[in-house]
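Reading the structure
The residues making up each chain are set out below.
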Amino acid sequence: MYREILARWDRFASAQSRSRHLPPRLLAHLRPGQSVLDIGTSDGRLARDLLQAEPTLDITAIDSHPRAETYIPVIEANGHDVPFADNAFDTVMLIDVLHHDLHPERILREAARVARGRVLIKDHYWVTALDRAVLRLSDYLGNRAYDIPLPYNYLRLEEWRDLFTGLDARVVATETFHYSVYDRCKQVTFLLDTGCKE
Ligand SMILES: C[S@@+](CC[C@H](N)C(=O)[O-])C[C@H]1O[C@@H](n2cnc3c(N)ncnc32)[C@H](O)[C@@H]1O
């Protein structure tokens, strides 16, 4: 019962903001016909939304805790050890995944390895203690119903930049935003170029 209430809240809140505003932001960084690996796809709904908007995308989806029912086929795999060859995908997406893991650097290294062009990240950042509290509440409401790990591993913008240091990739775009005036969670996208690899 409690889980069903949380799941309903998540569907309502997402429909109001995230599902409307996030796909266009991501599509701005994807090209028609590209191969895309979506690490941490969950139920694949976001990937399905991207495919509806741009059907020529070739999206492969993996998750360490896939849902029982998914919108697209999902391979069970951990982002710490991605089961694909080096440079296998044009773009690798990590959308609201890294703050769910205590070792985001491992996932990033794997993402940079299998991406021959870009790594597209959407996550959160925080400035004040209130930001962190709001993020925790939002994360709990959005994910508790589905048993998604919740380590609440939020980073400041400078900590994100430190995380990217040492990767075979360079940051080519950073954008901070809110989904709406009512949404107090701080959102950020990073576009990494992996074209500098040997
Ligand atoms: C909040 S959901 C985001 C789902 C989807 N990317 C989206 O934006 O709608 C985070 C997902 O990341 C997955 N995840 C967390 N750590 C992971 C890891 N190390 N490898 C693969 N998936 C992971 C979780 O299982 C969960 O399904």
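Bear in mind that the values here come from a model prediction, so they are computed numbers and not experimental data.

Remarks on the overall build of the protein chain
- Across its full length, the protein chain carries 6 helices and 7 strands.
- When the helices and strands of the protein chain are read in sequence order from the N terminus, they spell out α-α-β-α-β-β-β-α-β-α-α-β-β.
- For the protein chain, the C-alpha radius of gyration of 16 Å lies close to 16 Å, the compact-globule estimate for 198 residues.
- Counting every position in the protein chain, which comprises 198 residues, the buried fraction comes to 30%.
- Of the contacts made within the protein chain by residues no fewer than 6 positions apart, 66% connect residues no fewer than 24 positions apart.

Details of the site of the ligand
- In the region of the ligand, 20 residues are neighbours, and Gly40, Ser42, Ser64, Gly79 and Ile95 sit closest.
- For the shell around the ligand, the per-class residue count stands at 7 nonpolar, 10 polar and 3 charged.

A short note on the sheet that holds strand β7 (residues 187–193)
- The 7 strands are arranged β3-β2-β1-β4-β5-β7-β6 in an open sheet whose pairing can be described as mixed. Looking along the sheet, the strands with just one partner apiece sit at the ends: β3 (75–76) and β6 (170–177).
- Two strands pair when backbone bridges link them, and strand β5 (residues 115–124) and β7 are joined in this way by 7 bridges, in the antiparallel orientation. The partner of Val119 across the bridge, within β7, is Leu192.
- Of the strands in this sheet, β1 (35–39), β2 (58–63) and β4 (89–95) are in contact with helix α3 (residues 45–53), which crosses β2 at around 175°.

Remarks on the nonpolar core
- Ranked by internal contacts, the top residues of the largest apolar core, which has 32 residues, are Ile39, Val92, Leu94, Ala111 and Val119.
- Sorting the residues of this core by element identifies α2 (18–27), β1, α3, β2, β4, α4 (104–114), β5 and β7 as the ones contributing at least two each.

Quick notes on α3
- Considered for burial, the residues of α3 that qualify are Leu46, Ala47 and Leu50. Angular distribution of buried residues about the axis of α3 spans 100°; they occupy a single face of the element.
- Looking at the buried positions of α3, the neighbouring elements they touch are α2, β1, β2 and β4.

Some remarks on the UniProt feature "domain: Methyltransferase type" (unreviewed entry) in the protein chain
- Within the UniProt annotation, "domain: Methyltransferase type" (unreviewed entry) is assigned to residues 37–116.
- Strand forms 25% of residues 37–116 and helix 25%; the C-alpha atoms that close the span are 11 Å apart.

Re unusual backbone geometry
- Despite not being glycine, Ser42 shows a phi value in the positive range, around 60°.
- Summarising the element assignment, Ser42 is placed in the loop between β1 and α3.
- For Ser42, a count of 23 C-beta atoms within 10 Å translates into the label buried.
- One non-glycine residue, Asp96, lies in positive phi territory at about 55°.
- With respect to the element layout, Asp96 can be found in the loop between β4 and α4.
- Of the residues examined, Asp96 has 20 C-beta atoms within 10 Å and is grouped as buried.

Here we look at α2
- Those residues of α2 lying buried are Arg18, Leu22, Pro23 and Leu26. All buried residues of α2 project into a common sector of 100° when viewed along the axis, lining one side.

The rules behind these values
- Residues numbered from 1 in each chain as written.
- Predicted model: local features only at pLDDT ≥ 70, side-chain atom pairs only at ≥ 80, totals over all residues.
- Helix = DSSP H or I, 4+ residues; strand = E, 2+ residues; numbered from the N terminus.
- Rg over C-alpha atoms; globule rule 2.2 N^0.38 Å.
- Buried ≥ 20, exposed ≤ 12 C-beta atoms within 10 Å, placed from the backbone.
- Contact = placed C-beta atoms within 7 Å.
- Near = placed C-beta within 6 Å.
- Nonpolar A, V, L, I, M, F, W, Y, C, P; charged D, E, K, R; others polar.
- Pairing = 2+ DSSP bridges.
- Axes fitted to C-alpha atoms, helices over the stretch in contact; angles between N-to-C directions.
- Core = buried A, V, L, I, M, F, W, Y, C linked by C-beta atoms within 7 Å.
- Arc of directions from axis to C-beta.
- UniProt positions renumbered as here; feature names shortened; annotations may be inferred.

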